[in-house]
Amino acid sequence: MIRKKRFNSLFYSKTGVNTLTLPHFQNQNSLSMGSKNNPLKIFTGRATRHLSEKICDSLDVDLGLSSCPVFSDGEFEPCYEETIRGAHVFIVQSTPPPAENLLELLLMVDAAKRASAAHVVAVIPYFGFARQDRKDKPRVSIGAKLMADLLSAAGVDRVITMDLHADQIQGFFDVPVDHLFASAIFIPHISKMGLSNPIIASPDVGGTKRANTYARMLQTDMVICHKTRAKANEVNNMTVIGDVRGKDVIIVDDMIDTAGTITKAANLMKKEGANSVRAFAAHGVLSGPAIDRIERSVLEEVYFTDSLEEKPDCSKIKYLTVADALGEAIRRVYKNQSISSLYYR
């Protein structure tokens, strides 16, 4: 039986010139008051069970029963172990490693449609192909568009995701996309850190819009790093645009993969006279030498959400959960309620 539960907001709204207040979500109708013929069911792929269990705890519902047998040649077959006929099915799965986890998500969507689910929503906390949003050189694919087409072809009715690498990827989908932002979790945390002279930094020109949001909400200045790449995952040259002398720098980004950009930016800002340097990124991909680079860098702390499984190998890395945020988005989608108040940009 689903119990009524009060949802606490992690999201700020500006109510005055210098005041940020923390409202509470008003759970006017419990999940049990939804359509009797269309129950809410949440399932998880193998890559995101850690987050799916937290989301279910937030909503006070049970995680759906599913399995994924793997054949000896590596082929796998996701299967629902309970009826989902007529249900609103939410499937939680981040993509890395993308080839396997995205395919698992597609198979789960297809299985749900063939099992007569009323609606199938893909909850993708981290959408890994978002970096391939355009043709930046000849004879390459636009991977983000292809993945969007595959999800639509599989039968997904809606997508919930967070901090896409490029906002325009929402337009690649032919179904509604609810795009949440980790800033709703990070900004309250930053405001409580008590930094004496904070300043927001973007590690590249492409992240200026994101950095401007943080700077506006925290009422601080902003600086930008300009970088050039020799090739993918390798920064060739970097310069700082703005003054960081004596400042507590907070670098914000959507993701950290190999940590080459973020650590190079941190070391450069420290050399430019910064008092301290920290980083906040929605997704901690942390591939290759990332953890070692972070450990050896001047970064004092690096914060991620738990959109990807936590990696406890570095003392500087800390995690903040997005389970309540995603859970509330799921609840409102299920109840056909507005979710625009869940985020700001």
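As a reminder, the structure under discussion sits directly above these lines.
It should be emphasised that the depicted structure is a prediction, and the values quoted were computed from it without experimental measurement.

Asks: What is the right way to read the nonpolar core from this model?
Replies: A general trend in soluble globular proteins is that nonpolar side chains are found buried together. Ranked by size, the top nonpolar core spans 43 residues in total, and within it Ile42, Ile55, Phe90, Ile160 and Ile330 carry the most contacts. It is helix H8 (residues 323–334) that contributes the most residues to this core, 7 residues altogether. Ignoring anything within four residues of it in the chain, the contact list for Ile55 reads Ile42, Val92, Ala323, Leu326, Gly327 and Ile330. Among the nonpolar cores identified, the runner-up in size contains 33 residues, and Phe43, Ala117, Val120 and Leu151 belong to it.

Asks: Even after reading the chapter, I still don't get the environment of Lys316, so can you show me in this structure?
Replies: Note on placement: Lys316 falls in the loop between strand S15 (301–305) and strand S16 (317–320). Within the structure, Lys316 has its side chain in polar contact with the backbone oxygen of Leu299 (distance 2.9 Å).

Asks: I would appreciate a short explanation of helix H4 (residues 183–191) in the present structure.
Replies: Three- or four-residue spacings in an α-helix give side chains the same orientation, since the helix completes a turn every 3.6 residues. Within H4, 7 of the 9 residues are buried, which leaves the element mostly enclosed by the surrounding structure. Every buried residue belonging to H4 is among Ser183, Ala184, Ile185, Phe186, Ile187, Pro188 and Ile190, and all of these are buried. In this structure, the buried residues of H4 make contact with helix H5 (208–218), strand S13 (248–256), strand S14 (276–284), S15, S16 and H8.

Asks: Would you mind showing me how to read the pairing of S13 here?
Replies: Taken residue by residue, a regular strand's side chains alternate between the two faces of the sheet. Within S13, 9 of the 9 residues are buried, which leaves it mostly tucked inside the rest of the structure. With 4 bridges connecting them, strand S10 (residues 198–202) and S13 associate as parallel partners. If you follow Ala201 over to S13, its bridge partner there is Ile251. Relative to S14, S13 is paired through 8 bridges, and the arrangement is parallel. Each residue of the ladder has a partner; that of Met255, found in S14, is His283. Chirality of the crossover, the property in question, places the unit of S13, helix H6 (residues 260–271) and S14 among those that are right-handed.

Asks: I keep staring at the sheet that holds strand S6 (residues 88–92) and nothing clicks. Help me out?
Replies: Within a sheet, adjacent strands bond to each other through the backbone by hydrogen bonds, running parallel or antiparallel. Sheet architecture is open: 5 strands sit in the order S3-S6-S7-S8-S9, paired in parallel fashion. Each edge of the open sheet is held by one strand with a lone partner, namely strand S3 (40–44) and strand S9 (177–180). Between one strand axis and the next, the sheet turns through 15° on average, direction left out of account. Relative to strand S7 (residues 119–124), S6 runs parallel, the two sharing 5 bridges. If you follow Ile91 over to S7, its bridge partner there is Ala122. The strands that helix H2 (residues 98–114) touches are S3, S6 and S7; relative to S7, the one it contacts most, it runs at about 165°. In this fold H8 packs onto S3, S6, S7, strand S8 (158–162) and S9, with an angle of close to 160° to the strand it touches most, S8.

Asks: Looking at this structure, I do not really get the state of the cysteines. What am I missing?
Replies: One covalent bond between the sulfur atoms of two cysteine residues makes up a disulfide. The tally for this structure, following the rule as stated, stands at 0 disulfides. There is no disulfide at Cys68, and the cysteine sulfur nearest it, in Cys79, is 9.5 Å away. Residue classification places Cys68 among the buried residues on the basis of a relative accessible area of 17%.

Asks: Is there a simple way to think about the pairing of S3 in this case?
Replies: Extensive coverage of S3 is indicated by the burial of 5 of its 5 residues. Burial of the side chains of S3 extends over both faces: Leu40, Ile42 and Thr44 are buried on one face and Lys41 and Phe43 on the other. Both S3 and S6 contribute to a ladder of 5 bridges, which runs parallel. Bridge pairing links Leu40 to His88 in S6.

Calculation notes
Residues numbered from 1 in each chain as written. Predicted model: local features only at pLDDT ≥ 70, side-chain atom pairs only at ≥ 80, totals over all residues. Heavy atoms only, no water. Core = buried A, V, L, I, M, F, W, Y, C linked by side-chain atoms within 4.5 Å. Buried < 20%, exposed > 50% of the residue type's maximum accessible area, 1.4 Å probe, protein only. Helix = DSSP H or I, 4+ residues; strand = E, 2+ residues; numbered from the N terminus. Contact = heavy atoms within 4.5 Å. Polar contact = N/O pair within 3.5 Å; in protein donor to acceptor, adjacent residues only side chain to side chain. Pairing = 2+ DSSP bridges. Right-handed = clockwise from strand over helix to strand, strands pointing away. Axes fitted to C-alpha atoms, helices over the stretch in contact; angles between N-to-C directions. Disulfide = S-S within 2.5 Å.

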